[in-house]
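Descriptive structure summary
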Amino acid sequence: MDLFSFTIAGLMVYAALAVFFIGMTYRICHWFSTPKASIRLGMFPKPKTRSGRWLKMLKDTILFPQALDVDPTMWFMAIAFHVAGLLIFFGHLRLIKEFTPIVSALGSKGMDTLAFVTGGTFGIVITVVVIYYLFRRFASPYKDISVPEDYLLLILILLVITMGNHLRFFGDVHVADYRAYVQSVLLFRPSFDAALAHSSIRWSLVAHVFLANILLMYFPFSKLTHTVGAFLANLVRSD
Amino acid sequence: MPGKKLETLAGVIDAKMNRQLKLYLDICARCAICRDACHQYVTTQDVRYLPAYRAELIRRIYKKYFTKTGQFVPSLYEGRDPDENLLEELYDVMYACTGCRRCMYYCPYSIDTTWIQSVGKAMLLAAGKGSEMLTQLADAAIDKGKNIDLYKDIMRDVLKTAEKEMQDKVGDKEAHFPYDKEGANVLYAALAGTHSILPAAIIFHMAKEDWTLSMFEAANYGYFLGDAAKAKEIAGRIIDEAKKLKVKEVVVSECGHAHRVFKFFYEMWAKEKLPFKVSSILDKVSEYITDGRISVDPGKIDIPVTYHDPCQVGRNYGLFEEPRAVVKEICSDFREMTPNRAKNWCCGGGGGLVAEPALEEFRKTTGKLKVDQIRDTGAKMVVSPCENCRLQLDTLNEHYKMDIEITSMIDLVVRALKT
Ligand code: HEM
Ligand code: SF4
Ligand code: SF4
């Protein structure tokens, strides 16, 4: 591994993960250490039982059905964005450990095809939605409520995804080589194997990892904390 | 404005901080799904009334003063100072909100924009820029609390005619309005004017309720003003009266925000648990009918009738079916508005807007959705169990020449009451 790749795709990954986890822990502790208002200002109709409230909170957070009523386009885009994002996240787990049950069912060729089709599709879906989000922010009234953070996040996400798509559609490196890299990071000995080190696509990988690092580091300080906060706030709704 | 003053004003956010508020300020995605939830934005298309924008006015100060990244790079969040410009904008925006919480209903994170805006009102008050009209009304109410003995006799005098009307209606010359009755079951907190006293008195009499009439009106302009201390003092007049008379229950008149204050806010402000129950006259009416303590003529009214869910009765208190059941029993041609119940449009008059003459034109414009909704039902009568809504509906009725009758629940019940 050259020094540059080692810094970005090695050292910086640790830094980013550290900032992400410490930052999120800090943020969540901060929320929980701020006292709740001593008033129950939930909104009706609300479930009468505790478990009912929790179930409603999960439904409100994961499906947010009310938004479908008032803004179907946004609802659809938001679901597409988050579902694609979630599946892409799961897809990345293959880089830590191969999904052996699927491989034994489909064969290793079949697995590669499946990964290409699903990864490719969701990669494109999420790109389209992010571009839609970004364009929307330049139109009224959205631009009047947007702040630079909103554009920054969308641009960062778009860049991460674009580099990811680049790796998927133009890469000549097999998943096993990427896995070797991820494994090396997990073992605190970041390195590229020969196939990756000799491919020009490694620059795209370094760029992808670099951008993802930045996104991770900014995550706990941004509105992306809604990942956790949405559940907590929706619980207040049914309180 | 000097830096010190700006800091003091920004400090209001910190002083009012709690977990909900922090979440709301941290997580809004500025997705603008709340856009079409607010009748004021929908009817004016003015971005200042877009709920997320209202919240953003406070959020930008919060980011600049109270978050690490915002202190470091304020421009990332368009961090702002609470300067003259911002305060002016706050005034226009915060005192326009009706507190309907329809935006909260639709927000995917259930962000309560009114909760954020209450900080804005507190900031305006700290800067000495609260609403003058609401301040005057609130101060007058507090004043009355201090000099109640001067008012008692006047009030009894004024109510003599109403008392006579009640006697005629129930056919009992001995029926009186009970005042200062110790140990009564119910203390009824009415509004200024006999329209909220007489029908309630008739209903209480027919239900053989052991009740007494409060000397104070339930309306609370301190709450609209956003001044918790004043609001607490105003509500406290009735709370003290109830404690003194040792009643079991305080029943609040058909006034959405007043009931909300007693039911939810007072205990938070006063940091005490109230020794009696708080309910709405709507709860009592349903209860009396269900228990057979009063009965009404089914189908007494045969013109088309619709029911307006006041935000503070429906979405914010949870009475959807009970009042409907009463209206449906009395009216043979009942029609629902669309949308209704939790999704109902605000009338446009809540939040103290009806008390502010400067906002009358604004109320007419922003009430247009309600007008269309009512017209679509073809109803000739609208039942609305909230004084604020009724005043607004009166304005709309006249302005848009709707030619409808607007009535309260207790009036409706008395019209159909079997005596
Ligand atoms: C359980 C977790 C999550 C829930 C329930 C959730 C929910 C939502 C909702 C309801 C919106 C508003 C609708 C919209 O703007 O499309 C939103 C916006 C957004 N979410 Fe999430 N989200 C979650 C996790 C994440 C994660 C992990 C990311 C990471 C990249 C993310 C990125 C975004 C972005 C960038 C937006 C704003 C889009 C815009 O600029 O308009 N979300 N989220
Ligand atoms: S709907 Fe909720 S999250 Fe979206 S902009 Fe409005 S307040 Fe913010
Ligand atoms: S509470 Fe009602 S009036 Fe106020 S911002 Fe929300 S939707 Fe608009």
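None of the values given here were measured: they were computed from a predicted structure.

Attention now moves to the interface of chain A and chain B. Listed per partner, the contact involves 50 residues of chain A and 52 residues of chain B. Summed over both partners, the interface of chain A with chain B comes to about 4500 Å²; 63% of that surface belongs to carbon and sulfur atoms. Taken together, chain A and chain B are joined by 5 salt bridges. For glutamate 149 of chain A, the salt bridge is made with arginine 30 of chain B, and the minimal N-O distance between the two is 2.8 Å. Counting across the interface, chain A meets chain B through 28 residue pairs in polar contact (both at pLDDT 80 or more). Secondary-structure elements contributing two or more residues to the side of chain A that touches chain B are helix H1 (3–33), helix H3 (65–70), helix H6 (142–145), helix H7 (148–170) and helix H11 (226–237) of chain A. Looking at side-chain class alone, the side of chain A that touches chain B contains 26 nonpolar, 11 polar and 13 charged residues.

Moving on: helix H20 (residues 387–399) of chain B. All names here are of chain B. Spanning 13 residues, H20 covers 18 Å between terminal C-alpha atoms, matching the ideal 18 Å at 1.5 Å per step. Every buried residue of H20 is listed here: Glu387, Asn388, Cys389, Arg390, Gln392, Leu393, Thr395, Leu396 and Asn397. Next to the buried residues of H20 lie helix H13 (221–225), helix H15 (256–270), helix H18 (360–366), helix H19 (368–377), strand S7 (381–383) and strand S8 (405–407). Just downstream of H20, lysine 401 is the residue with a positive phi angle, here 45°.

This part takes up the site of ligand 2. Residues and elements named next belong to chain B. Near ligand 2, the surroundings consist of Cys28, Ala29, Arg30, Cys31, Ala32, Ile33, Cys34, Ala52, Cys107, Pro108, Tyr109 and Ile111. Because more than half of its atoms lie within 2 Å of the grid, ligand 2 is assigned to the largest cavity. Taken together, the residues of the shell around ligand 2 sort by class into 11 nonpolar, no polar and 1 charged.

To continue, consider the sheet that holds strand S5 (residues 301–307) of chain B. Residues and elements named next belong to chain B. Strand order in this open sheet of 4 strands is S6-S5-S7-S8, and the pairing throughout is parallel. With partners counted over all chains shown, the strands left at the sheet margins are strand S6 (331–335) and S8, one partner each. Each adjacent strand pair in this sheet contributes to an overall mean axis angle of 35°, direction not counted. Inspection of the sheet shows S5 paired to S7 by 3 bridges, in the parallel sense. Across the sheet, the residue bridging to valine 305 is methionine 381, located in S7. Contacts from helix H17 (residues 321–330) reach S5, S6 and S7, with the element oriented near 130° to S6. Across the face of the sheet, H20 comes into contact with S7 and S8 while running at roughly 175° to S8.

In this section: the coordination of the iron atom of ligand 1. All names here are of chain A. Within the protein, the atoms that donate to the iron atom of ligand 1 are His82 (NE2) and His226 (NE2), at distances of 1.9 to 2.0 Å. Considering all 6 donor atoms around the iron atom of ligand 1, angles at the metal cover 85 to 180° and the coordination shape is octahedral. Taken together, the positions of histidine 82 in helix H4 (residues 72–92) and histidine 226 in helix H11 put the pair 144 residues apart, joining distant regions of the chain. Of the residues examined, histidine 82 reaches a relative accessible area of 42% and is grouped as partly exposed. Classification of histidine 226 as buried rests on a relative accessible area of 14%.

Our next topic: the pattern of salt bridges. All names here are of chain B. With the rule as written, the count across this model stands at 51 salt bridges over all chains. We note a salt bridge from aspartate 46 to arginine 48, for which the minimum N-O separation is 3.3 Å. Among the ionic pairs, lysine 152 bridges to aspartate 180, the shortest N-O distance being 3.2 Å. Separated by 28 residues along the polypeptide, lysine 152 in helix H10 (residues 148–158) and aspartate 180 in the loop between helix H11 (160–170) and strand S1 (186–189) bring together distant segments of the chain.

Conventions adopted
- Position numbers for residues count from 1 along each chain, tracking the sequence in the order it is written.
- All chains are assigned letters beginning at A, and all ligands numbers beginning at 1, according to the order in which they are written.
- Reporting in this predicted model follows two pLDDT cut-offs: at least 70 for local features of residues, and 80 or more for side-chain atom pairs to be given and counted; totals over whole chains, interfaces and linings ignore these cut-offs and use all residues.
- Hydrogen atoms and water are omitted, and side-chain values are computed over all heavy atoms in the structure.
- When checking whether two residues touch, look at their non-hydrogen atoms; a contact exists if any pair is within 4.5 Å.
- By definition, the buried area sums, over both parts, the 1.4 Å-probe accessible area that each loses when the two are put together.
- Here a salt bridge means any side-chain nitrogen of Lys or Arg lying within 4 Å of a carboxyl oxygen belonging to Asp or Glu.
- We define a polar contact as two N or O atoms separated by no more than 3.5 Å, with the added condition that, inside protein, one atom must be a possible hydrogen donor and the other a possible acceptor, whereas residues neighbouring each other in sequence contribute only through side-chain atom pairs.
- In DSSP terms, a helix is any run of H or I states spanning at least four residues, a strand is any run of E spanning at least two, and both are numbered starting from the N terminus.
- Side-chain classes follow a simple rule in which Ala, Val, Leu, Ile, Met, Phe, Trp, Tyr, Cys and Pro form the nonpolar group, Asp, Glu, Lys and Arg form the charged group, and the remainder, Gly included, forms the polar group.
- The length a helix should cover is 1.5 Å for every residue beyond the first.
- Burial classes follow relative accessibility: with a 1.4 Å probe on protein chains only, a residue under 20% of its type's maximum area counts as buried, one over 50% as exposed, and anything between as partly exposed.
- Any residue with a heavy atom lying within 4 Å of a molecule or strand is counted as near it.
- In this analysis a 1.4 Å probe is tested at points of a 1 Å grid over the protein atoms alone, and where it fits but cannot get out there is a cavity; an open set with protein on both sides within 12 Å along at least five of seven lines is a pocket; lining residues have an atom within 4 Å of a point.
- More than half of a molecule's atoms lying within 2 Å of a cavity's or pocket's grid points is what places that molecule inside it.
- Two strands are counted as paired when DSSP detects at least two bridges linking them.
- Each axis is a line fitted through C-alpha atoms, taken for helices only over the stretch in contact, and angles between the N-to-C directions span 0 to 180 degrees.
- Only nitrogen, oxygen and sulfur atoms count as donors, using a 2.8 Å cut-off from the metal that widens to 3.2 Å for Na, K and Ca. Water is left out, so coordination shells may look unfilled.
- Square planar and octahedral assignments, for four and six donors respectively, both demand that opposite donors be over 155 degrees apart and that all other angles lie between 65 and 115; tetrahedral needs four donors with all angles between 85 and 135 degrees, and anything else is irregular.

Bear in mind that shape data such as this cannot, by itself, settle questions of function.
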